Amino acid sequence: MASDDLLIERLLRVIDEGRRTATYKLALLLGIIDTAATMPNETELPTRAIAERVLELYYPQTRSYVDRNGVTFMPRQISMKSSTVLAAVERLRVTGDAMRCRSIDEVARRAQRDYERTLDVVEDTFVRYPIPLLQTIGTTPIPFLYAVDWSEGTTVASLRRSNGNRIRLLDGVADRLVVLGPMLRPLIEHHWTQDVARWTRITTEDAQLRSHLFGRERTAFPKVLAGGLLELQAGSCFYCEARLDKRVEVDHFLPWSRWPNDAVENLVLADQCNSAKSDHLAATAHLQRWRQRLELHQLDLAEIASEARWTSSLDRSRALVQTTYRHLASGTPLWLRGHDFEFASGPSWD
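Residues numbered from 1 in each chain as written. Predicted model: local features only at pLDDT ≥ 70, side-chain atom pairs only at ≥ 80, totals over all residues. Heavy atoms only, no water.

Draft legend 1. Seen up close, the packing of helix 1 (residues 4-15) against helix 9 (residues 173-200). In the contact formed by helix 1 and helix 9, the axes pass within 11 Å of each other and the chain directions differ by 25 degrees. Overall, the two elements helix 1 and helix 9 adopt an arrangement that is roughly parallel. As for how helix 1 packs across helix 9, the hand of that crossing is right-handed. Contact residues: helix 1 offers D4, L7, I8, L11, L12 and I15, while helix 9 offers R176, L180, L184, L187, I188 and H191. A per-class count over the contact of helix 1 with helix 9 returns nine nonpolar, one polar and two charged. (Axes fitted to C-alpha atoms, helices over the stretch in contact; angles between N-to-C directions. Helix = DSSP H or I, 4+ residues; strand = E, 2+ residues; numbered from the N terminus. Parallel < 35°, antiparallel > 145°, perpendicular 65-115°, else oblique. Left-handed = near helix turned anticlockwise from the far one by under 90°. Contact = heavy atoms within 4.5 Å. Nonpolar A, V, L, I, M, F, W, Y, C, P; charged D, E, K, R; others polar.)

Draft legend 2. Inspection of the environment of L7 at higher detail. Tracing the sequence through the fold places L7 in helix 1. A sequence separation of 138 residues divides L7 from L145, and the C-alpha atoms of the two residues are 7.9 Å apart.

Draft legend 3. Summary view of the pattern of salt bridges. Within this structure, the stated rule accounts for 24 salt bridges. The partner of R93 in a salt bridge is D97, with the nearest N and O atoms 3.3 Å apart. Highlighted residues: R93 and D97, both in helix 4 (residues 84-98), separated by four residues, approximately one helical turn. Here D340 ties to R337 by a salt bridge, and the two come within 3.8 Å at their closest N and O atoms. You can call R337 partly exposed: its relative accessible area is 47%. Look at the salt bridges and you will find they share partners, linking R48, E116, D120, E123 and R160 into a network. (Salt bridge = Lys/Arg side-chain N within 4 Å of Asp/Glu carboxyl O. Buried < 20%, exposed > 50% of the residue type's maximum accessible area, 1.4 Å probe, protein only.)

Draft legend 4. Molecular detail of a nonpolar patch on the surface. Where nonpolar side chains cluster on the molecular surface, the patch consists of I8, L12 and L187 and spans about 190 Å² of accessible area. Here I8 shows up in helix 1. With relative accessibility at 31%, the residue I8 sits in the partly exposed group. (Patch = residues over 30% accessible without salt bridge, like charges linked within 9 Å, V, L, I, M, F, W, Y side chains within 5 Å. Areas by Shrake-Rupley, 256 points an atom, 1.4 Å probe, with all protein chains shown as cover.)

Draft legend 5. Layout of the sheet that holds strand 6 (residues 146-147). Strand order across the open sheet formed by three strands is 1-7-6, with antiparallel pairing between neighbours. If you trace the sheet from one side to the other, it starts and ends with strand 1 (44-46) and strand 6, each paired once. Relative to strand 7 (residues 166-169), strand 1 runs antiparallel, the two sharing three bridges. When the sheet's bridge partners are listed, P46 is paired in strand 7 with R166. Its contacts with the sheet place helix 3 (residues 47-58) against strand 1 and strand 7, and it is angled at close to 60 degrees to strand 1. (Pairing = 2+ DSSP bridges.)

Draft legend 6. Structural context of helix 9. Along its 28 residues, helix 9 runs just 35 Å from first to last C-alpha, ending more than 12% under the 40 Å computed at 1.5 Å per residue. Maximum bend of helix 9: about 55 degrees, positioned at G181, with proline P182 one to four residues after it. Following helix 9 by one or two positions, R201 adopts a phi angle in the positive range, close to 60 degrees. (Expected span 1.5 Å × (residues − 1). Bend = angle between axes of the 7 residues up to and from the residue.)

Draft legend 7. Geometry of helix 6 (residues 112-128). Taking 1.5 Å of rise per residue, 17 residues should cover 24 Å, and helix 6 covers 24 Å from first to last C-alpha, within 8% of that figure. Those residues of helix 6 that fall on the buried side of the exposure criterion are Y115, T118, L119, V122, E123, D124, T125, F126 and V127.

Draft legend 8. Inspection of the pairing of strand 12 (residues 340-343) at higher detail. In this structure, strand 11 (residues 333-337) lies alongside strand 12, joined through four bridges in antiparallel fashion. From the neighbouring strand, L334 faces strand 12, where its bridge partner is E342. Count of turn residues in the strand 11/strand 12 antiparallel hairpin: two residues, of which G338 carries a positive phi of about 45 degrees.

Spelled out as structure tokens, the structure:
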């Protein structure tokens, strides 16, 4: 494996590439990072799993954008006239909107055939092009993340025949991606936003456009979801256990800025603790309470999600929290209460 410095240098070179003609490589990089985080201890990542994460990234980006002057248009993800992937995702978005689906997960459940067809397009396109090309520096292939056994233009169907539709992460890369992921994500999102602004021929309006592309969709948490969590928490703040009154906020236990995850398993109700915690990782006592809730109430959480037509993803939520806390560096500040923090002495999952 390349040294950390060399790995970071090559990642930054890919992210900062000026000749990019589509957001595919950035989507692939985030897809690999997210897949590695949700598959702890795995060094072979199925291309289908990567495609699922890529589709999850693009789906909310197919909403119409309204700029500060009130002009509505669709942001461009490619410098050319059309994109096979985006066209497929936009068709899926039409289906999802017609069914009033709140998320890509709900589309996957309620329009399974349409979802799988779109996923086929994403997977085949990424197998043909960005996966074999991502690690090319100039014109020279220099593997620094993963090894692939196919060349540009190869179809996913041909790979499936030999069970070869997977990439093999190089030694140590999975762990490094988990650690570097939360730091790389904002940089990738920044360059993605710049690309979209350039191809759409608009001023960057960075915060607004970036929020449109990568923030949560502007959908309020359903009352039935908050009500279910309130009952599950016996009317108390998840963190300080004080009685919740009028000020009730839904918090992402594992911060959205680190690993975007809206699944019910990652949501807790809090009072002013939500603002105090901000985007910090929670202290080990909160982690243990979260793990206990997951163990004792996983069926209750799934039922709350079902009644609210919300996403439930037990395995993914647990894997993201597990990989995050298993890779804590000594001295990492962990939010305890108010302005108080404890400092990690190292990994704190096991």
